[in-house]
Amino acid sequence: MQLSARNQLKGKIVSVDKGAVMANIKIEVTEPNTITAVITKESAEKLGLAEGDDVAAIIKSTEVIIGK
């Protein structure tokens, strides 16, 4: 499946919890091993980002879509 969305993480479903209206799907992420973030130079400098720093990659989105 090809999508234009770039924030895709591949994984395997480890649990499906179905409610009356919604379903909670837990996905164990295995790929990719590297995430690329594109941020402004100003933000990189303000955070003082450098190779070897420990950071958190946070994907900003209003929803998660599952493709199979």
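Up top is the structure these notes are about.
Rules of the game
Here, residues in each chain are numbered from 1, in the same order as that chain's written sequence. Under the rules for a predicted model, residues below a pLDDT of 70 receive no local features and side-chain atom pairs below 80 are neither given nor counted, while totals for whole chains, interfaces and linings still include all residues. Heavy atoms throughout the structure, all of them, feed into the side-chain values; hydrogens and water do not. The patch calculation keeps residues exceeding 30% relative accessible area without a salt bridge and links them within 9 Å when they carry like charges or within 5 Å when they are nonpolar (Val, Leu, Ile, Met, Phe, Trp, Tyr). To measure how exposed things are, a 1.4 Å probe is used in the Shrake-Rupley method; for residues, cover is taken only from the protein chains shown. The working definition used for a salt bridge is a side-chain nitrogen of Lys or Arg within 4 Å of a carboxyl oxygen of Asp or Glu. Secondary structure is summarised from DSSP: a helix means a run of H or I of at least four residues, a strand means a run of E of at least two, and numbering begins at the N terminus for each. Partly exposed residues are those whose accessible area sits between 20% and 50% of the maximum for their type, while under 20% is buried and over 50% is exposed, using a 1.4 Å probe and protein chains only.

**Some words on a nonpolar patch on the surface**
The grouping of Leu 9, Ile 13, Val 16, Ile 27, Val 29, Ile 35, Ile 59, Val 64 and Ile 66 at the surface amounts to a nonpolar patch, some 800 Å² of accessible area in total. Its location among the elements puts Ile 27 in strand 2 (residues 23-31). Classification of Ile 27 as partly exposed rests on a relative accessible area of 36%.

**Points about the pattern of salt bridges**
A pair can form between side chains of opposite charge whenever their charged atoms are brought close. On inspection of all chains with the given rule, the structure shows 1 salt bridge. Between Lys 41 and Glu 45 there is a salt bridge, and its shortest N-O distance comes to 3.9 Å. Within this pair, Lys 41 and its partner Glu 45 are both found in helix 1 (residues 41-47), separated by 4 residues, close to a single helical turn. Each member of the pair Lys 41 and Glu 45 is classed as exposed.

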